[in-house]
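Overview (structure and organization)
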Amino acid sequence: MSERVAVVGIGQTKYTAVRGDVSLPGLVREAVFRALEDAQMTLAEIDAIVIGKAPDFFEGIMVPEHSLVEALGAVGKPVFRVHTAGSVGGSTAIVAASMVEAGIHERVLTIGWQMQSCSEAMWALSVTMPFQQQLVAGAGGYFAPYIRQYMARSKAPDDTGVLVALKDRQNALKNPYAHLHEHDITYESVKESLMLWDPIRYSETCPSSDGAIAMVLTNERGGDAAAADGRPPAWVHGTAFRSEPAMAAGRDQVSPQAGKDCAAAVYRQAGITNPREQVDVVEMYVPFSWYEPMWLENLGFAEEGKGWQLTHDGVTAMDGDLPVNCSGGVLSSNPIGASGMIRFGEAALQVRGMAGEHQIDGARTAVGHAYGGAAQFFAMWVVGADKP
Amino acid sequence: MRDVAIIATAQSRHVRAAAATNEVELIQPVIQEATERSGVGRHDFDFTCSGSSDYLAGQPFSFVMTLDAVAAWPPISESHVEMDGAWALYEAWVKIQTGQADTALVYSYGKSSPGDLPRVLSRMLDPYYEAPMWPTSVDVAALQADMAIRAGVTSEKAMAEVAHRSRTAAASNPHAQLTSSPEPAELLEDDYLAQPLRRHDCAPITDGGVAVVLAAGDRARELCDRPAWIRGIDHRTDGHHLNLRDLTSSPSTAIAAEKAGVAAGPVQVAELHACFTHQEPILRAALGLGEDVTVNPSGGPLAANPMMAAGLIRLAEVANRIHSGEVDRGVAHATGGHALQHNLVAVLEGEG
């Protein structure tokens, strides 16, 4: 009970609109074998597999992990499927970590994946159900009014979202796995892009991607062994998820209580009392540009109403003192079921010093964050270069 | 490992079609009943976990709405699996093992009636080679039954006897959907649904749900007179592709049974998630259960089969018998996928 947990392997596919060259098992195996190579392990050494993805309707396959079993070498092993809205990639990693933490398994492979090219996600999310509020036009249509409310409350300049999108897409140029590599992007090109759901423009919204990420989690012994072999692990310092109902009297969808509670829980576990000072780099779930300032406030990196100032002051840029989404974030790659785990994995890559061109020098403590549903499901972890 | 017990359970009255009752309305009273029985305040659970299926609900992220059935305001620590609720219980058990929780609420539900369930379940098959042929869940089970009969694991007569015994036993189960059965000889006069399966060999289509409360150590003893301790729990999967599996046995159940410690003591009762009559002898063999073990005294899935809940119900049924003092040790089994692909085994014991 209460084993330390280390991330010793991370593998990602190139994120892209259509991965027509591989099957579903082929896509997943690509990420899995890269993670195993990083961990210097084989599938045979894996004790259990924890898989997450967004709704099965996206590929039109009910519980597809059943038909991935042979491809994952999982015959005779435990395979566990998590499903918790957009936060699922984060939740999945947390469930995997808890199996190691509890001392039940020593080496757990966790996978987040989605092949969105199999369908049109926006409409797959917009089915009409009797007696239920309609989503109408996907997630953007749902979240736009809350962004407008944030703008009204905070008096943030209108171009805050433009700056976030420009920064994240420019960061993505340093990440070979990112879906969007927009070499010609400029402030003007973002600002002049089509308005989809006012105030969210085309260039301020996430793409629809195919892709997978896998991570190998192990206990203290495994983490120490990797470190001794010159392969730095990322140590898990805290994990938390929090949920609240889609509709509840007094619920604030601009800065949800569940997000605040989730951050407080994970900081408490990690011994973080001043996140702005103690956290070196953040991978947060920003599918629409304006969610950067909104989450900066929700997660305690900025005072309420002041998150946009960090964006405008360049604090969240790669050369700022709180870099956010150096990988390009969800705005540059969004295989939905994987997106949360990509945030967790990118946070781990930073503290391992293995993020390549988008590495922040000397990153010791990183936060990974994911959210989902009607901004009501939150999953976070804190990872560090040092053992907790 | 920490000592963790099931301290309370509740089930819906399982029915063929819950009609205009939606999933939230179906599961909310069940959650309330289990919560009240447990003595844990509705806002006091350290963790909540549920299991359900988007494909049954016909809606992506269908569990989001069902969160309205629990007290999730102020926010709670919560998770969801796209598996039977038995695996939601497993996740809650893991959470308690980490020391981050001492109590947990687990629930699952399924409303299969709005769709054509056997055809919906065909979507679980491999999308490249098997699903395009649209074999239903009954078709796949019939292949397994045919192989089991040829291998001498069972016979059509033995299968009819399982159906008769299960549904007759269900007469004493207030939650069951089917509570009586014609004699086996009469059942065998029926036409085949998919040879060698007749209607009586198949679990009914059911709407329903279940809720279970877990507590650790002294908290369990304080809240429950006779906690049903989870002495072992494990789950394993077999391969998927039908041509690569020996469908007449269940190797993954055997591994899970060994890891859970089924053989470490006498088994008085076993609740098996066998949705087709021929699967009972396959599971008995994999679990190493002798002829003296009472199987499915509740009637089992053949008497009520709410998808995504029927596995967790097996754990609840064994726990109920331990709570009442009727038995000291029992085994619960849950399954997922076609033809017993993925299996969970738990050993429950009373104190002493």
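One structure accompanies this document, and this report is about it.

Quick notes on the rules
- Residues numbered from 1 in each chain as written.
- Chains lettered and ligands numbered in written order.
- Predicted model: local features only at pLDDT ≥ 70, side-chain atom pairs only at ≥ 80, totals over all residues.
- Heavy atoms only, no water.
- Helix = DSSP H or I, 4+ residues; strand = E, 2+ residues; numbered from the N terminus.
- Buried < 20%, exposed > 50% of the residue type's maximum accessible area, 1.4 Å probe, protein only.
- Contact = heavy atoms within 4.5 Å.
- Lys, Arg positive; Asp, Glu negative; His and termini not counted.
- Charge placed at Lys NZ, Arg CZ, Asp CG, Glu CD.
- Rg over C-alpha atoms; globule rule 2.2 N^0.38 Å.
- Core = buried A, V, L, I, M, F, W, Y, C linked by side-chain atoms within 4.5 Å.
- Patch = residues over 30% accessible without salt bridge, like charges linked within 9 Å, V, L, I, M, F, W, Y side chains within 5 Å.
- Areas by Shrake-Rupley, 256 points an atom, 1.4 Å probe, with all protein chains shown as cover.
- Salt bridge = Lys/Arg side-chain N within 4 Å of Asp/Glu carboxyl O.
- Buried area = accessible area lost by both parts, 1.4 Å probe.
- Polar contact = N/O pair within 3.5 Å; in protein donor to acceptor, adjacent residues only side chain to side chain.
- Nonpolar A, V, L, I, M, F, W, Y, C, P; charged D, E, K, R; others polar.
- Axes fitted to C-alpha atoms, helices over the stretch in contact; angles between N-to-C directions.
- Parallel < 35°, antiparallel > 145°, perpendicular 65-115°, else oblique.
- Pairing = 2+ DSSP bridges.
- Phe/Tyr/Trp six-rings, centres within 6.5 Å; stacked < 30°, edge-to-face > 60°.
- Lys NZ or Arg CZ within 6 Å of the ring centre and 35° of its normal.

Things to note about the overall build of chain A
Per the secondary structure count, chain A includes 12 helices and 11 strands. Each principal axis of the C-alpha distribution contributes one length, and for chain A these read about 55 × 45 × 45 Å. The buried share among the 388 residues of chain A stands at 66%. Sequence separation of 24 or more characterises 77% of the internal contacts of chain A that already satisfy a separation of 6 or more. Computed over 29 positive and 44 negative side-chain charges, the separation of the two mean positions in chain A equals 3 Å.

Concerning the overall build of chain B
Scanning chain B from N- to C-terminus turns up 12 helices and 12 strands. The C-alpha radius of gyration of chain B comes to 19 Å, within 12% of the 20 Å expected for a compact globule of 352 residues. Over its C-alpha atoms, taken along the principal directions, chain B stretches across nearly 55 × 45 × 35 Å. Expressed as a percentage of its 352 residues, the buried residues of chain B come to 67%. Within chain B, residue pairs in contact and separated by at least 24 positions form 79% of the contacts whose partners lie at least 6 positions apart.

What about the nonpolar core?
One recurring pattern in soluble globular proteins is that nonpolar side chains are buried together. In this structure, Tyr267, Met284, Tyr291, Trp295 and Phe301 of chain A together with Tyr107 of chain B are the most contacted members of the largest nonpolar core, which totals 93 residues. In this structure, Tyr267 of chain A is in contact with Ile272, Pro275, Leu299, Phe301, Val367, Met380 and Val382 of chain A, ignoring residues within four places of it in sequence. If you look at the next biggest cluster of nonpolar residues, it comprises 83 residues, including Phe344, Ala366 and Ala379 of chain A together with Val327 of chain B.

Observations concerning a nonpolar patch on the surface
Residues and elements named next belong to chain A. A surface patch of nonpolar side chains, about 330 Å² in accessible area, is lined by Leu194, Leu196 and Tyr202. Positionally, Tyr202 belongs in the loop between β6 (200-201) and β7 (210-218). Here Tyr202 falls in the exposed class, since its relative accessible area comes to 54%.

Quick notes on the interface of chain B and chain A
Taken together, the contact between chain B and chain A spans 58 residues of the former and 62 residues of the latter. Of the roughly 5,100 Å² buried between chain B and chain A, counting both surfaces, carbon and sulfur atoms make up 66%. In terms of surface lost to chain A, no three residues of chain B exceed Tyr55, Phe61 and Trp73 of chain B, which account for 14% of the buried area on that side. Here chain B is connected to chain A by zero salt bridges. Linking chain B with chain A are 18 residue pairs in polar contact (both at pLDDT 80 or more), by the criterion used here. Take the side of chain B that touches chain A: its biggest share by element is seven residues, from helix α4 (residues 85-97) of chain B. In terms of residue class, the side of chain B that touches chain A is made up of 28 nonpolar, 19 polar and 11 charged.

What about the side chain of Asp126 of chain B?
Considering the arrangement of structural elements, one finds Asp126 of chain B in the loop between α5 (117-121) and α6 (137-150). Although Asp126 of chain B lies buried, it forms no salt bridge, and the closest oppositely charged side chain, Arg123 of chain B, sits 10.0 Å away as judged by the N-O distance. Only 3.1 Å separates the side chain of Asp126 of chain B from the backbone nitrogen of Tyr128 of chain B, close enough to count as a polar contact. Within the local environment of Asp126 of chain B, its side chain forms a polar contact with the backbone nitrogen of Tyr129 of chain B, the two atoms lying 2.5 Å apart. Setting aside residues no more than four positions away along its own chain, Asp126 of chain B makes contact with Ser67 of chain A together with Ala131, Pro132, His240 and His241 of chain B.

Overview of a negative patch on the surface
On the surface, Glu183, Glu186, Glu189, Asp190 and Asp191 of chain B cluster together into a negatively charged patch. Tracing the backbone through its elements, the reader meets Glu189 of chain B in the loop between α8 (184-187) and β5 (192-194).

Section: the packing of helix α2 (residues 88-101) of chain A against helix α12 (residues 336-352) of chain A
Each pair of packed helices gets described by two things: the angle between the helix axes and the distance between those axes. All names here are of chain A. Contact geometry for α2 and α12: axes closest at 5 Å, N-to-C directions at 60 degrees. One finds that α2 runs oblique with respect to α12. Counted together, Val88, Gly89, Gly90, Thr92, Ala93 and Ile94 of α2 and Gly337, Gly340, Met341 and Phe344 of α12 form the full contact between these two elements. Here the residues of the contact of α2 with α12 sort into five nonpolar, five polar and no charged.

Describing the pairing of strand β8 (residues 234-243) of chain A
Residues and elements named next belong to chain A. A large share of β8 lies buried, amounting to 10 of its 10 residues. Sheet topology places strand β1 (residues 6-12) next to β8; two bridges connect them, and they run antiparallel. Residue Val7 lies in a different strand from β8, and its bridge partner there is Ala234. The sheet contact formed by β8 and strand β11 (residues 377-384) spans eight bridges and is antiparallel. The residue bridging Phe241 from the neighbouring strand is Ala379, located in β11.

Some words on the environment of Leu125 of chain B
With respect to the helices and strands, the residue Leu125 of chain B is situated in the loop between α5 and α6. For Leu125 of chain B, a relative accessible area of 1% translates into the label buried. In this structure Leu125 of chain B touches Ile61 of chain A together with Glu130, Ala131, Pro135, Val140, His240 and His338 of chain B, once residues within four positions along its chain are discounted.

Some points on the pattern of salt bridges
Under the criterion given, the structure shown has 45 salt bridges over all chains. Residues Arg251 of chain A and Glu244 of chain A are paired through a salt bridge, measuring 2.5 Å at the closest nitrogen-oxygen approach. A single burial state applies to Arg251 of chain A and to Glu244 of chain A, both of which are buried. The salt bridge partner of Arg165 of chain B is Glu280 of chain B, with a shortest N-O separation of 2.9 Å. In this pair, Arg165 of chain B sits in helix α7 (residues 156-169) while Glu280 of chain B sits in helix α11 (residues 279-287), placing the two residues 115 residues apart along the sequence. Overall, Glu280 of chain B belongs to the buried group, its relative accessible area being 4%. Three or more residues are tied together by salt bridges with common partners; here these are Asp3, Asp218, Arg221, Arg231, Arg329, Glu349 and Glu351 of chain B.

Description of the environment of Ser91 of chain A
Residues and elements named next belong to chain A. Here Ser91 is to be found in helix α2. A relative accessible area of 3% places Ser91 in the buried class. Separated by 290 residues in the primary sequence, Ser91 and Trp381 have C-alpha atoms spaced 9.6 Å apart. With residues up to four places along the chain from it excluded, the contact list for Ser91 reads Val82, Thr84, Phe241 and Ala379.

Quick notes on the pairing of strand β8 (residues 228-237) of chain B
Residues in a regular strand project their side chains so that they alternate between the two faces of the sheet. Residue and element names in this part refer to chain B. Along β8, nine of the 10 residues are buried, which leaves the element largely enclosed by surrounding structure. Note: strand β1 (residues 4-11) against β8, two bridges, orientation antiparallel. The partner of Ala5 across the bridge, within β8, is Trp229. Both β8 and strand β12 (residues 342-349) contribute to a ladder of eight bridges, which runs antiparallel. Looking at β12, one finds that Arg236 is bridged to Asn343.

Topic: the packing of aromatic side chains
The tally for this structure, following the rule as stated, stands at 22 aromatic pairs over all chains. Summarising the aromatic geometry, the rings of Tyr142 of chain A and Phe143 of chain A are spaced 5.4 Å apart at their centres and angled 90 degrees between planes, so their arrangement reads as edge-to-face. Residues Phe241 of chain A and Phe47 of chain B carry aromatic rings whose centres are separated by 5.9 Å and whose planes lie at 25 degrees to one another, so their mutual orientation is stacked. With Phe241 of chain A in strand β8 and Phe47 of chain B in strand β2 (residues 47-51), the pair connects residues from two separate chains. For the pair Phe241 of chain A and Phe47 of chain B, one class covers both residues: buried. Positioned above the aromatic ring of Phe47 of chain B is the side chain of Lys95 of chain B, whose terminal nitrogen or guanidinium carbon lies 5.4 Å from the ring centre. One Lys or Arg, Arg123 of chain B, reaches over the ring of Trp134 of chain B and ends 3.3 Å from the middle of that ring.

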